[in-house]
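Spelled out from the first residue to the last, the chains are:
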Amino acid sequence: MIRAIMKIDGFLLAMLAAVVLAFLAPRLGAEGGALHMAQVTEIGIALVFFLHGANLSPQSLKAGAANWRVHLAVQATTYILFPLIGFAIFFGLSSVLAYEVRLGVFFLCALSSTISSSVAMTSMARGNVPAAVFDASLSGIIGMAITPSLIAMVAAVSGKPFPILPAIGDVALTLLLPFAAGQLSRPLIATWLAARKPIINRLDRGVIVLIVYTAFCESTASGLWWRYSPWVIAEIAAIAAILLAVVLGVTTALSRACGFPLADEVTTVFCGSKKSLANGAPIARILFAGNPAMGMIMLPIMLYHQLQLIVCSILARRYAARAAAAAR
């Protein structure tokens, strides 16, 4: 538990440092700035998704593919339950929250599940790891098309048309193409990558920090943050906490109603409740490129990401204790 919190704190501190730096010197990282962050992040995103593809083992996917009831529950939670809640918040709170804030919350709801933390938490909790690998990986691949489609849908309904086909094309070119190239390269570099996993994890998180920095630079340079009170951040944090609590409750109840064994319940709860900052940050960079409100749009997933790691690490220990007691 202590080690998990230290890891969370390290990544959180890096993101906070990026935000502070963006507030102090926004022009450096903004569009056309001296650091040329748009080009740097594009290269970093392509490299990270190439490595994601190279690290994904087809054998691990095959091992977890048969458990269709768990897969259905996880994907339905990710791409039906979450978006429905997002729609309710987006349209139901239009008189309370600004458009950028509601769009950020909906963007959070439209994202895929995580891969690394879902699998790690499932393993810690003695859940069905092969199913978790399959579901988290499938969710990420599906999200490359579903997330832009959901954003386009909510934009169209709210009277702000969104170019869906170019958006999906950009996501495919920037994310899916490097991912596919990584899969094709896997036989040649998988062993080399496995020996350097800590470095690759740091690179992954480093690219996320760069995207956060760039987004906040552009938002600060446009004067976005001066239009909101500090209470807005507290409201977003409260929405993220309530959203996580609701989805954790629904996935737990759904698992038990379906009669899942404990290991499958663990997988459903952790894969179904998680949202991926690792996928969300690059997709936001593509979908909202040039939008001065991108920092605000990304804020809900940044807060939700940290919250889900802390809460799910506590749940994982409780599930592990239940599994150990049941095995006695």
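Residues numbered from 1 in each chain as written. Predicted model: local features only at pLDDT ≥ 70, side-chain atom pairs only at ≥ 80, totals over all residues. Heavy atoms only, no water.

1. Points about the overall build of the protein
Now for step 1: Along the backbone of the protein there are 14 helices and 0 strands.
Now for step 2: In sequence order, the protein lays out its α and β elements as α-α-α-α-α-α-α-α-α-α-α-α-α-α.
Now for step 3: Computed over the C-alpha atoms, the radius of gyration of the protein is 19 Å, within 12% of the 20 Å expected from 2.2 N^0.38 for a compact globule of 328 residues.
Now for step 4: Taken along its principal axes, the extent of the C-alpha atoms in the protein is 60 × 50 × 40 Å. (Helix = DSSP H or I, 4+ residues; strand = E, 2+ residues; numbered from the N terminus. Rg over C-alpha atoms; globule rule 2.2 N^0.38 Å.)

2. Remarks on helix H9 (residues 164–194)
Now for step 1: With 31 residues, H9 extends only 37 Å from end C-alpha to end C-alpha; this falls clearly short of the ideal 45 Å at 1.5 Å per step.
Now for step 2: Most pronounced at Arg-186, the bend in H9 amounts to some 80°, and the proline Pro-187 follows within four residues.
Now for step 3: Of all the residues in H9, the buried ones are Ala-167, Val-171, Leu-175, Pro-178, Phe-179, Gly-182, Ser-185, Arg-186 and Leu-193.
Now for step 4: Looking at the packing, one finds that the buried side of H9 touches helix H3 (37–55), helix H4 (58–64), helix H8 (129–157), helix H10 (197–221) and helix H13 (277–287). (Expected span 1.5 Å × (residues − 1). Bend = angle between axes of the 7 residues up to and from the residue. Buried < 20%, exposed > 50% of the residue type's maximum accessible area, 1.4 Å probe, protein only. Contact = heavy atoms within 4.5 Å.)

3. Some words on helix H6 (residues 99–110)
One turn of the α-helix equals 3.6 residues, which is why residues spaced by three or four share an orientation.
Now for step 1: Between the first and last C-alpha of H6 there are 16 Å, a value that for 12 residues agrees with the 16 Å anticipated at 1.5 Å per step.
Now for step 2: Counting buried residues along H6, 10 of its 12 residues qualify, which places the element largely inside the surrounding structure.
Now for step 3: Along H6, the residues that are buried comprise Val-101, Arg-102, Leu-103, Gly-104, Val-105, Phe-106, Phe-107, Leu-108, Cys-109 and Ala-110.
Now for step 4: In the core, the buried residues of H6 are packed alongside helix H5 (68–92), H8, helix H11 (231–257), H13 and helix H14 (294–327).

4. Brief notes about the packing of aromatic side chains
Now for step 1: What the rule picks out here adds up to 8 aromatic pairs.
Now for step 2: When the ring of Phe-90 is compared with that of Phe-106, the centres are 6.4 Å apart and the planes differ by 65°; the resulting orientation is edge-to-face. Taken together, the positions of Phe-90 in helix H5 and Phe-106 in helix H6 put the pair 16 residues apart, joining distant regions of the chain. Pair check on accessibility: Phe-90 and Phe-106 agree, each one buried.
Now for step 3: Here Phe-107 and Phe-288 contribute two aromatic rings whose centre-to-centre distance is 5.4 Å and whose plane-to-plane angle is 80°, an arrangement assigned as edge-to-face. Placement of the pair is Phe-107 in helix H6 and Phe-288 in the loop between H13 and H14, with a sequence separation of 181 residues. By the burial criterion, Phe-107 is buried, and Phe-288 matches it.
Now for step 4: What links up through ring pairs into an aromatic cluster is the set Phe-87, Phe-90, Phe-91, Tyr-99 and Phe-106.
Now for step 5: A cation over a ring is seen here: Lys-275 above Tyr-79, with NZ or CZ 6.0 Å from the ring centre. (Phe/Tyr/Trp six-rings, centres within 6.5 Å; stacked < 30°, edge-to-face > 60°. Lys NZ or Arg CZ within 6 Å of the ring centre and 35° of its normal.)

5. Some details on unusual backbone geometry
Now for step 1: Residues other than glycine seldom take positive phi values, yet Arg-126 does so here, at roughly 65°.
Now for step 2: With respect to the secondary-structure elements, Arg-126 resides in the loop between helix H7 (116–124) and H8.

6. Here we look at the confidence of the model for the protein
Now for step 1: Summarising the model, the protein shows a mean pLDDT of 84, and 96% of its residues fall at 70 or more.
Now for step 2: Contacts from residues 4–8, a stretch scored under 50 in pLDDT, to residues over four places away or in other chains number 5 contacts. (pLDDT = per-residue confidence, 0-100.)

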